Amino acid sequence: MTTTTTFTRNDIEIATRAADAFTRLYYTTYDSPTRVDDLPKFYRSSSTLTWNGNPCQGTEGVKKLIQDMPSTRHEVQSYDCHPIPGSQPPSLLVTVSGNVTHGRGPAGNPVSTPIKSVDGQPRVFFQSFMLVPDPTAPVVKAGEVAKYYVDADAMRFVG
């Protein structure tokens, strides 16, 4: 027997609030000077990340990826959230698009940098997250946003 889940308007609103809070906190953390220590806290040892075609596993994989990367500045242009039936609260598929600049931007490049170099230039990115309710977090009350962690993450430059 197949069980279907119908989400209410309230379920969608809570999921959207969770995605909004996650997106703001994630990219603020990603762009912070403490990102090497703080960004892996969004993940678990079982989490997977594919960064522009390069796979990473777990919190240590995320930490290594971030520590080898220049500083970043993300400008989120849009995001969307889709609750996934099967658990309560539901898992969330969050998709994000925007621009990211690595390093200090074009003005921070050495004079010897070729004019057409992508170093320091804003690049368009698209990122998808599968957020899963954190079973170790305290139980939330009706109407509250659940605590989630990143189970799967795929980022790709598209421009």
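What counts and how
- Residues numbered from 1 in each chain as written.
- Predicted model: local features only at pLDDT ≥ 70, side-chain atom pairs only at ≥ 80, totals over all residues.
- Heavy atoms only, no water.
- Helix = DSSP H or I, 4+ residues; strand = E, 2+ residues; numbered from the N terminus.
- Buried < 20%, exposed > 50% of the residue type's maximum accessible area, 1.4 Å probe, protein only.
- Contact = heavy atoms within 4.5 Å.
- Areas by Shrake-Rupley, 256 points an atom, 1.4 Å probe, with all protein chains shown as cover.
- Pairing = 2+ DSSP bridges.
- Axes fitted to C-alpha atoms, helices over the stretch in contact; angles between N-to-C directions.

**Overview of the overall build of the protein**
Right, so step 1: Each helix and strand counted, the protein has three helices and six strands in total.
Right, so step 2: In sequence order, the protein lays out its α and β elements as α-α-β-β-α-β-β-β-β.
Right, so step 3: Per-residue burial for the protein yields a buried fraction of 36% across its 159 residues.
Right, so step 4: Expressed as a percentage of contacts within the protein between residues at least 6 apart in sequence, the contacts between residues at least 24 apart total 63%.
Right, so step 5: For the protein, the computed accessible surface area is about 9,500 Å², with 56% contributed by carbon and sulfur atoms.

**Topic: unusual backbone geometry**
Right, so step 1: Look at Asn52: it is not a glycine, yet its phi comes out positive at around 50°.
Right, so step 2: Within the secondary structure, Asn52 sits in the loop between β1 (43-51) and β2 (54-57).

**Digging into the sheet that holds β2**
Right, so step 1: Spatial strand order, β2-β1-β6-β5-β4-β3: six strands in an open sheet with mixed pairing. Only two strands of the sheet have a single neighbouring strand rather than two, namely β2 and β3 (72-84). Here the average twist between neighbouring strands, direction ignored, is 15°.
Right, so step 2: The sheet contact formed by strand β5 (residues 123-133) and strand β6 (residues 148-157) spans nine bridges and is antiparallel. Looking across to β6, one finds that Gln127 is bridged to Met155.
Right, so step 3: Its contacts with the sheet put helix α1 (residues 9-30) on β1, β3, β4 (91-102), β5 and β6, and the angle it makes with β3 is roughly 155°.

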